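Residue-level structure breakdown
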Amino acid sequence: MGIFVQRFRYINTFLSLFKTMDNKTRTNIAELGEFGLIDRLTQNIIIRNKSTIKGVGDDAALLDYKKKQIVLSTDLLTEGIHFNLMYVPLKHLGYKAVAVNLSDIYAMNAIPKQITVSIALSSKFSVEAVEELYSGILLACEKYNIDLVGGDTTSSLTGLTISVTAVGEVEKGETVMRSGAKPSDLLCVSGDLGGAYMELQLLERENEVFKVNQKMQPQLEGYDYILERQLKPEPRADVVAAFKKLGIKPTSMIDISDGLSSEIMHLCKNSGVGCNLFEEKIPMDSQTKKMAEELTINPLVAALNGGEDYELLFTLSLDDYEKIKNDPDFTIIGHMTDAKEGINLVTTGGSAIPLEAQGWNHGKLQKS
Ligand code: ADP
Ligand code: MG
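Here goes a summary of the coordinates provided.

A closer look at the site of ligand 1
In the vicinity of ligand 1, 14 residues are found, and the nearest of them are Gly 57, Asp 58, Tyr 134, Gly 151 and Thr 153. Within the contact set of ligand 1, a nitrogen atom lies 2.7 Å away from a side-chain nitrogen or oxygen of Tyr 134. For ligand 1, whose unbound accessible area comes to 550 Å², protein coverage reaches 75%. Partitioning the shell around ligand 1 into residue classes produces six nonpolar, five polar and three charged.

Focus: the pairing of strand E7 (residues 186-190)
Along E7, five of the five residues are buried, which leaves the element largely enclosed by surrounding structure. Taking every second residue as pointing to the same face, both faces of E7 are buried, with Leu 186, Cys 188 and Ser 190 on one and Leu 187 and Val 189 on the other. Looking at chain direction, E7 and strand E10 (residues 312-316) are connected through four bridges and run antiparallel. Following the sheet pairing, Val 189 is matched in E10 by Leu 313. Pairing between E7 and strand E11 (residues 330-338): five bridges, direction antiparallel. Paired with Leu 187 across the two strands is Gly 334, which belongs to E11.

Quick word on the pairing of strand E4 (residues 111-121)
A large share of E4 lies buried, amounting to eight of its 11 residues. Note that E4 and strand E6 (residues 161-170) share nine bridges and pair antiparallel. Each bridged residue has a counterpart across the sheet, and for Ile 119 the counterpart in E6 is Ile 162. Sheet topology places E4 next to strand E5 (residues 147-155); eight bridges connect them, and they run parallel. By the bridge assignment for E5, Ile 115 is matched with Leu 148. In the classification by handedness, the crossover that spans E4, the intervening helix H4 (residues 127-143) and the parallel E5 is right-handed.

Comments concerning the sheet that holds strand E12 (residues 343-346)
In sheet architecture, strand pairing relies on hydrogen bonds along the backbone and comes in two forms, parallel and antiparallel. Strand order across the open sheet formed by seven strands is E8-E10-E7-E11-E9-E12-E13, with mixed pairing between neighbours. Each end of this open sheet is capped by a strand with a single partner; those strands are strand E8 (252-255) and strand E13 (352-354). The mean angle between the axes of side-by-side strands here comes to 25 degrees, regardless of whether they run parallel or antiparallel. With five bridges joining them, strand E9 (residues 273-278) and E11 adopt antiparallel strand pairing. Within the sheet, the bridge partner assigned to Val 273 lies in E11 and is Asp 338.

Calculation rules
Residues numbered from 1 in each chain as written. Chains lettered and ligands numbered in written order. Predicted model: local features only at pLDDT ≥ 70, side-chain atom pairs only at ≥ 80, totals over all residues. Heavy atoms only, no water. Near = heavy atom within 4 Å. Polar contact = N/O pair within 3.5 Å; in protein donor to acceptor, adjacent residues only side chain to side chain. Areas by Shrake-Rupley, 256 points an atom, 1.4 Å probe, with all protein chains shown as cover. Nonpolar A, V, L, I, M, F, W, Y, C, P; charged D, E, K, R; others polar. Buried < 20%, exposed > 50% of the residue type's maximum accessible area, 1.4 Å probe, protein only. Helix = DSSP H or I, 4+ residues; strand = E, 2+ residues; numbered from the N terminus. Pairing = 2+ DSSP bridges. Right-handed = clockwise from strand over helix to strand, strands pointing away. Axes fitted to C-alpha atoms, helices over the stretch in contact; angles between N-to-C directions.

Dropping the structure here:
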């Protein structure tokens with residue numbers, strides 16, 4: 001079996017959308033050369049947005065945003081640090097690299113429109129493998145109505161590095177930053193937390209088992225939801241759309257890439273406020289809890305200090321409470337306070353303990 005066909009058959013089959021390549025042909029990148037490869041990768045690009053005047057094919061992309069403001073964000077992912085190709089299919093990796101970047105744009109209450117993608121490749125990657133990566137990138141572009149307008153392609157001595165830059169638009173005055181939260185604002189989160197982290201623990205464990213015995217296939221059945229949370233996260237475009245529909249503008253917002261704790265700290269620090277977070281309110285899926293039990297990890301740790309949930313954490317003025325209180329996709333998990341009251345986790349037992357910012361190094365499973 002070729003190196004880029006997933007070791008874990010179950011992952012290959014869990015989503016029909018993500019049928020991975022059969023790996024029968026292998027074309028060395030050297031056969032095509034850099035320009036040939038770029039042509040292959042960009043030949044099927046569809047331009048969807050009016051703001052894209054010129055995409056791939058010149059020295060730079062040309063965009064026209066008229067009077068709108070532009071948000072710009074970039075991410076860099078390195079093999080062995082941010083992802084492990086032993087269990088991450090290349091198509092998923094491409095999709096996720098785009099998704100996590102779009103999440104940063106949505107977290108500004110903006111709409112992403114264009115991306116550029118830069119890759120560094122070692123010779124272990126075939127043309128077909130890179131095409132697989134791009135099929136995931138283009139799928140995310142299709143789903144979120146994004147134009148791929150450029151990038152850069154180069155070689156590397158070891159492994160794969162991928163960098164995505166996203167451009168988005170927002171009306172003047174509609175941007176939501178980390179800095180606008182006021183004491184007494186509600187602290188809210190979309191979706192549920194901890195799933196991506198719990199699944200990563202399982203994949204890492206199963207990968208260790210596999211290294212010892214290659215006949216072992218991982219036991220992932222029954223955990224489709226959290227497997228998807230880890231391998232195919234979806235940025236919350238729908239949440240930003242819901243804000244518009246409900247006539248809500250959060251006072252501050254951030255996307256949850258490093259765990260709830262550290263994101264709350266960012267909001268508090270940037271806004272100059274404190275916070276009470278209620279343990280019993282933190283939304284978690286039943287699969288997350290079940291997996292936590294199986295791996296004897298406290299699910300609260302996964303939600304607070306895990307990572308890669310890509311949900312939106314935001315604060316709302318109390319006046320907006322009525323507008324969201326019945327929305328099942330939003331959970332009020334706490335409220336902001338004066339800075340002098342500190343940043344606290346109020347436990348189910350009722351005691352307040354200072355929240356600790358345990359950032360998380362993606363893929364490395366270590367606290368930083
Ligand atoms: P330059 O020499 O100016 O860097 P390149 O030959 O690298 O130009 O790129 C040619 C065109 O292809 C440019 O429009 C560039 O943005 C685009 N491009 C290069 N690499 C990629 C990639 N990996 N994905 C998408 N577009 C790319
Ligand atoms: Mg270039």
